[in-house]
Amino acid sequence: MSKFETINVTHHGAVARVAFNRPDSLNAMNGQMRREFYAAAREINMNDAIRVVILTGEGRAFGAGADLADDTAGADLMIGAQTRDDLIHEFKPGVLSIAEAPKVWVAAVNGPCAGISYSYAMACDLVVMAEDAYLYQPFSAIGLIPDGGSTWLLQKLVGSRRAFELMALGEKLGAQKALDWGMANRVFDKADFAVEAMEFAENLAGRSPLALRYTKEALRFAATSSLGDTITKEADLQEFCISSEDCPNAIAAFFNKEAYTWKGR
């Protein structure tokens, strides 16, 4: 695994922990961080030993969004063409490396999660939050629109009216309300958050790797497809799963009331 300055990567069995690592700036994302994140995500997504990825932040925040004081980010906010280029060629690959990954990504939102950091969290397949964490879209307060895929991701989760409300009014959405609205899957105590988030990820990592991967693929396909096309996609993926080494052996183990060790093939 490559060494990074703004991203911490650790391995815990079949779980990889990826953490934004600029705690002194609440993990605000500068140019180096967004490039290092994409490099780290690519390496992890190609690592067959990893089945689940936790995305979190070091220190007391998940991420404060783009670093407006960074020469490669904040100064460029005043230069439309450069901002567009950064969004398309650096932020976009990072968000898609989560959403389109063959792995399951879990956002462990340990504190404030704002701006572009919000997009990285919402691109994950599952979200767990500390009880005092919150999600925040600050864009309207500084004359900008939500970016990094937020308008697509948030609308899919809560619908267009609630998405627009969160974006237009800039509400800090607490963990419990995020859970109630379907934007989070679990809320954990702050004191035990890191441990409980890891246990949640390890539970997922103990499930069928093929089932997780292709369920994710089927859901993503269904989001923009018709019912008929979705049924066909499911049939294609089911054929692959049934023909795998894991499926018949897992069925036999199930009927014998035995634990099965997944091979992922």
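Being a predicted model, the structure only gives us computed values, none of them experimental. Here, residues in each chain are numbered from 1, in the same order as that chain's written sequence. At least 70 in pLDDT is required for a residue's local features to be given in this predicted model, at least 80 for side-chain atom pairs to be given and counted, and no such filter applies to totals for whole chains, interfaces and linings, which use all residues. The side-chain figures draw on all heavy atoms in the structure; neither hydrogens nor water molecules are used.

## Remarks on the environment of Lys-263
Inference 1: Considering the arrangement of structural elements, one finds Lys-263 in the segment after helix H10 (246-255).
Inference 2: Any two residues whose heavy atoms approach within 4.5 Å are treated as being in contact. Once residues within four sequence positions are removed from consideration, Lys-263 is found in contact with Arg-51, Glu-245 and Asp-246.
Inference 3: Contacts described as polar in this section are N or O atom pairs within 3.5 Å, which, within protein, must combine one atom able to donate a hydrogen with one able to accept it, while residues neighboring in sequence count only if both atoms come from side chains. Side-chain polar atoms of Lys-263 contact the backbone oxygen of Thr-261, separated by 3.2 Å. For the purposes of this entry, the term helix denotes a DSSP run of H or I that reaches at least four residues, the term strand denotes a run of E that reaches at least two, and both are numbered from the N terminus.

## Side note on the sheet that holds strand S2 (residues 15-20)
Inference 1: As summarised here, the arrangement of the six strands in space is S1-S2-S3-S4-S6-S9, forming an open sheet in which the pairing is mixed. The outermost strands of the open sheet, each flanked by one partner alone, are strand S1 (7-12) and strand S9 (186-188). Pairs of neighbouring strands in the sheet enclose a mean axial angle of 20°, with direction left out of account.
Inference 2: Whether two strands pair comes down to DSSP finding at least two bridges between them. Bridge analysis of strand S3 (residues 52-57) against strand S4 (residues 104-109) gives four bridges, and the strand direction is parallel. Interaxial angle, 0 to 180 degrees, is taken between N-to-C directions of lines fitted to C-alpha atoms, where a helix line uses only the stretch in contact.

## Re the packing of aromatic side chains
Two descriptors summarise a pair of aromatic rings, namely the distance from one centre to the other and the angle between the planes of the rings.
Inference 1: Here is the rule: rings of Phe, Tyr and Trp (six-membered ring for Trp) pair when centre to centre is within 6.5 Å. Planes less than 30 degrees apart are stacked, more than 60 are edge-to-face, and the remainder are tilted. What the rule picks out here adds up to nine aromatic pairs.
Inference 2: Aromatic pair Phe-188 and Phe-193: ring centres 6.3 Å apart, planes at 50°, arrangement tilted.
Inference 3: Between the aromatic rings of Phe-188 and Phe-200, the centroid separation amounts to 6.5 Å while the plane-to-plane angle is 65°, which identifies the pairing as edge-to-face. With Phe-188 in strand S9 and Phe-200 in helix H7 (residues 193-205), the pair connects residues that are 12 residues apart, well separated along the chain. Like Phe-200, Phe-188 is buried.
Inference 4: These aromatic residues form a ring-pair network of at least three members: Phe-20, Phe-37, Phe-62, Trp-105 and Tyr-120. Buried residues are those whose accessible area, probed at 1.4 Å on protein chains only, stays under 20% of the maximum for their type, while exposed residues exceed 50% and partly exposed ones sit between those limits.

## As for helix H5 (residues 160-169)
Inference 1: Among the residues making up H5, those that are buried are Ala-163, Leu-166 and Met-167. Angular distribution of buried residues about the axis of H5 spans 95°; they occupy a single face of the element. When the buried face of H5 is taken as reference, the exposed residues oriented beyond 90 degrees from it are Arg-161, Phe-164 and Leu-169.
Inference 2: Along its buried surface, H5 packs onto helix H3 (116-122), helix H4 (150-158) and strand S8 (172-174).
Inference 3: Looking at the residues trailing H5, positive phi occurs at Gly-170, about 65°. Our arc is simply the arc of the directions from the helix axis toward the C-beta atoms.

## Describing the pattern of salt bridges
It is possible for side chains bearing opposite charge to pair when their charged atoms get close.
Inference 1: Here, a salt bridge means any Lys or Arg side-chain nitrogen found within 4 Å of an Asp or Glu carboxyl oxygen. All told, the structure shown has 10 salt bridges when counted by the stated rule.
Inference 2: Between Glu-90 and Arg-35 there is a salt bridge, with its nearest N and O atoms 3.1 Å apart. With Glu-90 in helix H2 (residues 80-99) and Arg-35 in helix H1 (residues 31-45), this pair connects stretches of sequence that are 55 residues apart.
Inference 3: Its relative accessible area of 42% is what places Arg-35 among the partly exposed residues.
Inference 4: Put simply, Arg-220 and Glu-100 hold a salt bridge, and the shortest N to O gap is 3.6 Å. Of this pair, Arg-220 sits in helix H8 (residues 209-222) while Glu-100 sits in the loop between H2 and S4, and the two are 120 residues apart along the sequence.
Inference 5: Owing to a relative accessible area of 34%, Arg-220 belongs among the partly exposed residues under this scheme.
Inference 6: Salt bridges sharing common partners tie together Arg-34, Arg-35, Asp-86 and Glu-90.

## Some details on the sheet that holds S8
In a beta sheet, neighbouring strands are held together by backbone hydrogen bonds and run either parallel or antiparallel to one another.
Inference 1: Read from one edge of the open sheet, three strands run S5-S7-S8, paired in mixed fashion. One side of each edge strand has no neighbouring strand; the edge strands of this open sheet are strand S5 (112-114) and S8. Between one strand and the next, the sheet's axes are offset by a mean angle of 20°, whatever the strand orientation.
Inference 2: Where strand S7 (residues 134-136) meets S8, three bridges bridge the pair, whose relative direction is antiparallel. Opposite Leu-135, over in S8, you have Leu-173 as the bridge partner.

## Things to note about the packing of H4 against H5
Inference 1: For the pair H4 and H5, the least separation of the axes is 7 Å and the interaxial angle reads 130°. With respect to H5, the axis of H4 lies oblique. H5 is crossed by H4, and the crossing has right-handed handedness. Side by side, H4 and H5 meet where Ser-150, Thr-151, Leu-154, Gln-155 and Val-158 of the first sit next to Ser-160, Arg-162, Ala-163, Leu-166 and Met-167 of the second.
Inference 2: The nonpolar class holds Ala, Val, Leu, Ile, Met, Phe, Trp, Tyr, Cys and Pro. Asp, Glu, Lys and Arg form the charged class, and all remaining residues, Gly among them, are polar. Residues belonging to the contact of H4 with H5 are distributed by class as follows: five nonpolar, four polar and one charged. By the definition adopted for this analysis, an angle is roughly parallel if under 35 degrees, roughly antiparallel if over 145, roughly perpendicular if from 65 to 115, and oblique otherwise. Note on convention: the crossing is left-handed when the near helix lies turned anticlockwise from the far helix by less than a right angle, right-handed when the turn is clockwise.

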